[in-house]
Amino acid sequence: MMTQPTATHYTTCPLCEATCGLEVQTAGREIVSIRGDRDDVFSQGYICPKAAALKELDADPDRLRAPMIREGEQWRSVSWDEAFAEVERRLTPILEQHGRDAVAAYAGNPNVHNLAGLLYTPAFLHALASRNVFSASTVDQMPKQVSAGLMFGTMLSIPIPDVDRTSYLLILGANPLVSNGSLMTAPNMRDRIRRLRARGGRVVVVDPRRTRTAEEADEHLFIQPGTDAFFLFALAHTLFAEGLVRPGRLGEHLNGLDEVEHLARAFAPEVVAPVCRIAPDAIRRIARELAAAESAAVYGRIGTCTQEFGTLASWLVDVLNVLTGNLDRAGGALFPRAAAGARNTEGTPGRGAGVRLGLRHSRVRGLPAVYGELPVVALAEEILTPGDGQIRALVTIAGNPVLSTPNSGQLAQALGQLDFMLSVDVYLNETTRHAHVILPPPSPLERGHYDLAFYQLSVRNIARYSPAIFSAAAGHPQEWEILLRLAGIVSGQGAAADPVALDDVMAQQLIRRETKREGSRVAGRDPAELLAALAPQRGPERLLDFMLRTGPYGDGFAGGPEGQGLTLAALEAAPHGRDLGPLQPRIPEVLRTPSGKIELAPPAIVADVARLQGALAARPAEQLVLIGRRELRSNNSWMHNLRTLTKGAETCLLLVHPDDARRLGLADGAHARVTSASGCAEAPVRVTDAIMPGVVSLPHGWGHDAPGTQLRVAADHPGANVNALTGELAVDPLSGNAVLNGVAVTVAPAGA
Ligand SMILES: Nc1nc2c(c(=O)[nH]1)N[C@H]1C(S)=C(S)[C@@H](COP(=O)(O)OP(=O)(O)OC[C@H]3O[C@@H](n4cnc5c(=O)[nH]c(N)nc54)[C@H](O)[C@@H]3O)O[C@H]1N2
Ligand SMILES: Nc1nc2c(c(=O)[nH]1)N[C@H]1C(S)=C(S)[C@@H](COP(=O)(O)OP(=O)(O)OC[C@H]3O[C@@H](n4cnc5c(=O)[nH]c(N)nc54)[C@H](O)[C@@H]3O)O[C@H]1N2
Ligand code: SF4
Ligand SMILES: [Mo]
């Protein structure tokens with residue numbers, strides 16, 4: 001046997017928001033090892049167990065390598081040309097007979113970890129021109145994007161806690177030691193929290209479960225699920241009542257401070273305490289600590305978003321950062337200044353069009369469209385309900401909504417009823433088994449990587465580009481080419497349209513738009529000249545290079561001496577990444593609201609406070625409620641087919657407090673049956689005092705027991721599907737986001 005040449009590559013882990021730098025040794029097409037890149041400017045060698053699983057993901061025999069067409073229950077592998085021809089044959093008549101809205105799309109989470117997904121899924125959606133667009137955002141962070149958009153003017157103007165400099169961190173509904181951080185790109189949060197405490201800072205975690213993050217903190221407070229908005233309002237109430245409101249420099253950039261004071265009056269600590277189950281004294285003390293800290297940051301994530309008052313809680317997090325003068329200052333919560341793709345670095349600094357929400361509504365239930373998409377809780381009913389505008393075909397791109405979105409039984413039934421379904425996906429799983437055609441993109445190691453989204457959410461300004469480690473198999477199109485061929489089909493150019501030509505058009509449009517944009521570094525330049533300067537690049541790399549060069553650190557195509565200004569070539573020459581420094585104050589320049597101010601009391605949010613007040617009157621529920629959680633060796637629904645991550649003890653367990661276990665007759669290790677208004681699920685019980693009494697917890701992404709999938713490892717340990725229990729009717733009204741936490745359930749021994 002010939003020995004294969006070995007090589008060392010540096011790349012970015014595409015699996016979660018931490019964006020760790022990896023060092024990958026290869027021998028030919030084989031991966032020899034995957035380690036943390038110790039020289040990485042950001043992650044400095046840190047990785048979690050999922051990084052090593054990339055090797056198994058790359059080699060997984062169940063990962064699809066060729067397009068598949070389903071006839072009845074039978075799947076067959078086909079050529080790419082046959083697959084695209086089939087898509088054209090099936091989709092075109094639906095578009096012609098029933099109109100654009102008859103074809104819906106759902107974009108899932110891995111899109112955001114993929115340069116091709118971020119740049120070309122929008123191109124496909126634009127070509128599709130359907131109003132029925134859905135994504136995983138409405139089972140995730142949409143409430144934060146709504147509050148940020150209304151307060152600061154763009155949907156990704158999200159203040160990020162300055163964990164490396166803060167002296168007080170208040171964390172609600174997040175477990176970054178396990179999730180590795182979200183809406184806060186920060187590899188190795190454990191060490192960051194340890195350093196925070198070592199320099200005399202304090203960390204407080206508010207969570208219905210004593211998580212690993214809570215165990216690393218100075219203090220942990222249990223909170224009744226879904227009640228964060230009450231708690232946060234009571235903190236604001238205390239700050240006003242005790243004269244501790246000091247927005248400082250922000251004062252001249254604020255609208256609505258008086259209104260917030262007025263609204264907070266109804267939420268005194270004594271009033272909210274029975275609802276949150278947090279003592280009034282503790283609420284007052286936390287408020288005083290926040291006010292007294294040299295610098296402080298309040299941070300909320302999944303637990304504060306995927307709940308009944310998600311937008312209010314997300315808003316109040318930043319209200320508190322403003323009231324304590326911590327927004328936009330070192331050690332507080334700041335706006336990153338990303339090297340590429342950030343709306344809040346475009347256009348006129350300090351002012352903009354702001355955001356407009358709810359301009360249209362879903363057909364059946366009238367839920368608001370937000371940022372061009374409809375809430376995914378409405379997807380099933382839009383398929384199942386006959387009438388004008390009914391969804392008849394669906395395209396999923398990197399999503400597994402059957403496991404990831406509420407009332408999965410209903411959605412699975414709806415998918416079975418579609419005239420046509422197409423999935424761009426790497427697995428034949430619970431969702432894609434309903435498709436008629438599956439188009440699998442290449443392995444993640446066969447594409448270049450740049451985190452357009454997460455560097456907009458990062459605790460330091462950094463930029464890192466990694467080229468593909470392997471080239472894709474001959475004839476295997478890249479994901480961007482797949483998406484452009486689909487764009488060609490839905491725009492009527494046919495399955496044979498050349499993706500390279502379509503890509504040229506896209507690049508030309510991007511360049512032309514930028515040269516016409518007021519304030520752009522290339523305003524007034526000749527688009528043809530800029531396009532020529534990008535040659536011979538194409539695909540995502542060409543668009544990225546253009547965005548970097550016209551971005552805030554870019555060379556602006558100025559033709560200056562080498563090394564001045566960011567280009568893709570400069571990033572390629574820096575395989576461990578480029579550190580662009582700590583976050584800097586950006587107010588007022590970052591704002592894109594029409595007023596040019598921080599809108600502390602946006603009317604839409606103020607109007608929702610009445611709903612919160614109404615809920616105050618309701619007594620604390622006697623009923624058990626269900627919350628979610630994440631486990632380290634898991635990634636939503638799609639990495640359970642990898643033995644590296646799933647061997648060992650089962651993790652899909654129902655956590656139950658000892659008092660509840662006794663009352664309900666549940667023994668540790670025995671199976672419990674959990675029932676909600678939507679459905680039921682069975683899981684083994686773990687009795688633990690780490691969960692609050694009255695609350696039970698199940699992780700999401702499990703339930704791999706559907707027939708007709710090709711997930712041989714996952715099928716051996718299917719786990720329970722928590723989204724059989726969550727309901728599609730419960731939503732946060734402003735964002736349309738699903739309520740996944742605080743779901744009323746009953747629990748009994750299985751078989752009882
Ligand atoms: N109850 C409950 N439900 C939840 C949550 C919760 O906390 N509780 N969390 C929610 C959150 S935050 C999220 S983000 C969603 C996730 O919801 P989804 O994004 O719908 O689900 P994933 O499990 O991430 O599925 C990703 C899909 O992408 C495919 N895939 C992986 N890599 C690629 C790729 O490179 N290209 C393509 N085309 N496909 C790829 C996988 O095979 C899989 O089918 O789940 C949500 N659901
Ligand atoms: N290992 C691993 N890492 C992941 C993922 C994964 O599946 N596995 N998924 C990735 C994705 S898509 C995302 S969006 C991020 C999410 O990142 P995080 O938000 O950090 O995710 P979780 O670990 O689910 O933490 C949510 C916490 O909220 C708590 N909680 C539930 N309800 C409430 C409530 O009403 N109030 C409060 N205060 N707390 C509540 C839960 O107990 C839990 O500890 O993680 C990402 N990273
Ligand atoms: S923490 Fe996230 S980015 Fe880092 S190695 Fe693990 S999965 Fe990859
Ligand atoms: Mo997510």
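Definitions and limits used
- One numbering rule holds for all chains: residues counted from 1, following each sequence as written.
- Whichever chain is written first becomes A and whichever ligand is written first becomes 1, with later ones labelled in order.
- The model is predicted, so local features are restricted to residues of pLDDT at least 70 and side-chain atom pairs to those at 80 or more, both for listing and for counting; the totals for chains, interfaces and linings are taken over all residues.
- Here the side-chain values reflect all heavy atoms present in the structure, with hydrogen atoms and water set aside.
- Helix numbers and strand numbers start at the N terminus; a helix is a DSSP run of H or I with at least 4 residues, a strand a run of E with at least 2.
- Exposed residues in this analysis have more than 50% of their type's maximum accessible area, buried residues have under 20%, and partly exposed residues fall in between, with area computed by a 1.4 Å probe over protein chains only.
- What makes a salt bridge here is a side-chain nitrogen of Lys or Arg within 4 Å of a carboxyl oxygen of Asp or Glu, nothing more.
- Whether a residue is near a molecule or strand is decided by its heavy atoms; if any one of them lies within 4 Å of it, the residue is near.
- A 3.5 Å cut-off defines polar contacts: any pair of N or O atoms within that distance qualifies, except that in protein one atom must be a possible hydrogen donor and the other a possible acceptor, and neighbouring residues in sequence count only when both atoms are side-chain atoms.
- Surface accessibility follows the Shrake-Rupley procedure with a 1.4 Å probe radius. Residue values consider only the protein chains on display as shielding.
- In this classification, the charged set is Asp, Glu, Lys and Arg, the nonpolar set is Ala, Val, Leu, Ile, Met, Phe, Trp, Tyr, Cys and Pro, and all remaining amino acids, among them Gly, are polar.
- Domain boundaries shown here were taken from an automatic or database domain assignment.
- How far a helix is expected to stretch is found by multiplying one less than its residue total by 1.5 Å.
- In short, DSSP must find at least two bridges between two strands for them to pair.
- When checking whether two residues touch, look at their non-hydrogen atoms; a contact exists if any pair is within 4.5 Å.
- Defined here as a combined quantity, buried area equals the accessible surface (1.4 Å probe) lost by two parts on assembly, summed across both.
- The set of buried Ala, Val, Leu, Ile, Met, Phe, Trp, Tyr and Cys residues whose side-chain atoms join them within 4.5 Å is what this entry labels a nonpolar core.
- In this description, a line fitted to the C-alpha atoms serves as the axis of each element, helices being fitted only across the stretch in contact, and the angle between N-to-C directions of two axes falls anywhere from 0 to 180 degrees.
- Two helices that cross are described as forming a left-handed crossing if the nearer one is turned anticlockwise from the farther one by less than a right angle, and a right-handed crossing if clockwise.
- Between the rings of Phe, Tyr and Trp (Trp by its six-membered ring), a pair exists once the centres lie within 6.5 Å; its type follows the angle of the planes, with under 30 degrees stacked, over 60 edge-to-face, and the other angles tilted.

Peer 1: Explain the environment of Met151 here, please?
Peer 2: Checked against the element boundaries, Met151 lands in helix α4 (residues 142–152). Looking at Met151, the relative accessible area reads 0%, which means it is buried. Along the chain, Met151 and Leu591 lie 440 residues apart, while their C-alpha atoms are 8.8 Å from each other.

Peer 1: Got a minute to help me understand the pattern of salt bridges in this structure?
Peer 2: Any two side chains of opposite charge can pair, on the condition that their charged atoms come close. The tally for this structure, following the rule as stated, stands at 45 salt bridges. A salt bridge links Glu86 to Arg89; its shortest N-O distance comes to 3.1 Å. You can see Glu86 and its partner Arg89 sitting in helix α2 (residues 80–98), three residues apart, about one turn around the helix. For Arg89, a relative accessible area of 52% gives the class exposed. A salt bridge links Asp689 to Arg210; the shortest N-O distance between them is 3.0 Å. Of the two residues, Asp689 sits in the loop between β26 (680–687) and β27 (695–697) while Arg210 sits in the loop between β10 (202–206) and α7 (212–216), which places them 479 residues apart along the sequence. Its relative accessible area of 43% is what places Asp689 among the partly exposed residues. Residues joined in a network through salt bridges with shared partners are Arg29, Asp58, Arg63 and Glu446.

Peer 1: What's the story with the site of ligand 1 in this structure? I'm lost.
Peer 2: Near ligand 1 there are 30 residues, and of these Tyr106, Asn109, Ser404, Asp425 and Ser637 occur at the shortest range. Contact distances for ligand 1 include 2.6 Å between an oxygen atom and a side-chain N or O atom of Asp425. Here a nitrogen atom of ligand 1 sits 2.8 Å away from a polar atom, N or O, in the side chain of Glu479. Isolated, ligand 1 exposes 920 Å² of accessible area, and the fraction of that covered by the protein chains is 97%. Per-class residue counts for the shell around ligand 1 are 14 nonpolar, 11 polar and five charged. Residue contributions to the shell around ligand 1 reach at least three from each of two domains, namely domain 2 (63–142 + 357–449 + 465–489) and domain 5 (621–749).

Peer 1: Just to check I follow, could you spell out helix α20 (residues 539–550) for this structure?
Peer 2: Residues lying three or four places apart along an α-helix face the same way, a consequence of the helix completing one turn every 3.6 residues. The terminal C-alpha atoms of α20, which comprises 12 residues, lie 17 Å apart, in line with the 16 Å expected from a rise of 1.5 Å per residue. The element α20 is largely enclosed, with a buried count of 12 among its 12 residues. Buried residues of α20: Gly539, Pro540, Glu541, Arg542, Leu543, Leu544, Asp545, Phe546, Met547, Leu548, Arg549 and Thr550, and no others.

Peer 1: Quick question: what am I supposed to make of the sheet that holds strand β23 (residues 625–627) here?
Peer 2: Taken in spatial order, the seven strands make up an open sheet running β30-β23-β27-β24-β26-β25-β31, and their pairing is mixed. The sheet is open, and its two edges are formed by β30 (743–744) and β31 (746–749), each paired on a single side. Pairing geometry for strand β25 (residues 671–675) and β26, over five bridges, is antiparallel. When the bridges of β26 are listed, Arg673 appears paired with Glu682.

Peer 1: Explain the domain arrangement of the protein chain here, please?
Peer 2: Many structure descriptions define interface size as the accessible area lost when the parts assemble. In terms of domains, the protein chain is made up of domain 1 (6–59), domain 2 (63–142 + 357–449 + 465–489), domain 3 (162–340 + 595–610), domain 4 (498–576) and domain 5 (621–749). Contacts between domain 2 and domain 5 engage 29 residues on the former and 31 residues on the latter. Carbon and sulfur atoms supply 53% of the area buried between domain 2 and domain 5, which totals about 2,400 Å² over both sides. Looking only at domain 2, the three residues that lose the most surface to domain 5 are Leu403, Asn407 and Tyr427, adding up to 25% of its buried area. Our count for the domain 2 to domain 5 interface comes out at zero salt bridges. Our count for the contact surface shared by domain 2 and domain 5 stands at 15 residue pairs in polar contact (both at pLDDT 80 or more). It is helix α15 (residues 401–404) that provides the largest number of residues to the side of domain 2 that touches domain 5, a total of three residues. Of the residues contributing to the side of domain 2 that touches domain 5, the split by class is 14 nonpolar, 11 polar and four charged.

Peer 1: When you look at the nonpolar core in this model, what are you seeing that I'm missing?
Peer 2: Considering soluble globular proteins, one finds that nonpolar side chains tend to be buried as a cluster. Of all hydrophobic cores here, the largest spans 160 residues; its most connected members are Leu170, Phe231, Leu232, Leu235, Trp315, Tyr450 and Leu486. Ranked by the residues each element gives to this core, the list is headed by helix α8 (residues 228–241), at 10 residues. Each residue touching Tyr450, except ones within four places of it in the same chain, is listed here: Leu115, Ala339, Ala340, Tyr455, Ala463, Arg464, Tyr465, Leu544, Leu548 and Leu571. Within the second largest apolar cluster, 32 residues are counted, among which are Leu64, Ala136, Val376 and Leu379.

Peer 1: Can you walk me through the pairing of β10 in this structure?
Peer 2: Both faces of the sheet carry side chains from a regular strand, because those side chains alternate between them. Of all five residues in β10, four are buried, a share of seventy percent or more. As defined by bridge partners, strand β9 (residues 168–172) adjoins β10 across five bridges and the pair is classed as parallel. Paired with Tyr168 across the strands is Arg202, a residue of β10. Summarising the sheet, β10 and strand β11 (residues 219–221) pair through three bridges and their orientation is parallel. Paired with Val206 across the strands is Leu221, a residue of β11.

Peer 1: What is the right way to look at unusual backbone geometry in this model?
Peer 2: A negative phi angle is the norm for most residues apart from glycine, just as the trans form is the norm for most peptide bonds. Cis rather than trans, the peptide bond between Ala535 and Pro536 has omega equal to 0 degrees. Structurally, the position occupied by Pro536 is in the loop between α19 (527–534) and α20. Residues Ile587 and Pro588 are joined by a peptide bond in cis, for which omega reads 10 degrees. Here Pro588 lies in the loop between β21 (578–582) and β22 (598–599). Positive phi, normally seen in glycine, also occurs at Gln44, with a value near 45 degrees. Along the chain, Gln44 falls in the loop between β3 (30–36) and α1 (49–59). For Gln44, a relative accessible area of 55% corresponds to the exposed category. Of note, the phi angle at Asn636 is positive, near 45 degrees, even though the residue is not glycine. Here Asn636 lies in the loop between β23 and α23 (643–646).

Peer 1: Would you mind going over the packing of α19 against α20 with me for this structure?
Peer 2: The axes of two packed helices give the description: the angle between them and the distance between them. Following both chains from N to C, one finds α19 and α20 inclined at 115 degrees, their axes separated by 10 Å at the closest point. The hand of the α19/α20 crossing is right-handed. Residue-level inspection shows Leu530, Leu531, Ala533 and Leu534 of α19 in contact with α20, the latter providing Arg542, Asp545, Phe546 and Arg549. For the contact of α19 with α20, the residue count by class is five nonpolar, no polar and three charged.

Peer 1: Would you mind going over the packing of aromatic side chains with me for this structure?
Peer 2: Both the distance between ring centres and the angle between the ring planes are used here to describe each pair of aromatic rings. Taken as a whole, this structure holds nine aromatic pairs when the rule is applied. Relative to Phe309, the ring of Phe230 has its centre 5.8 Å away and its plane inclined at 75 degrees; by these criteria the two rings are edge-to-face. Of the two residues, Phe230 is situated in helix α8 and Phe309 in the loop between α12 (302–305) and α13 (310–323); the sequence distance between them amounts to 79 residues. Under the relative-accessibility criterion, Phe230 is labelled buried at 2%. By relative accessible area, which is 1% here, Phe309 ends up buried. Between Phe546 and Phe557 the ring centres are 5.7 Å apart and the planes differ by 40 degrees, which places this aromatic pair in the tilted class. Of the two residues, Phe546 is situated in helix α20 and Phe557 in the loop between α20 and α21 (568–572); the sequence distance between them amounts to 11 residues. Phe557 carries the same exposure label as Phe546, and that label is buried.

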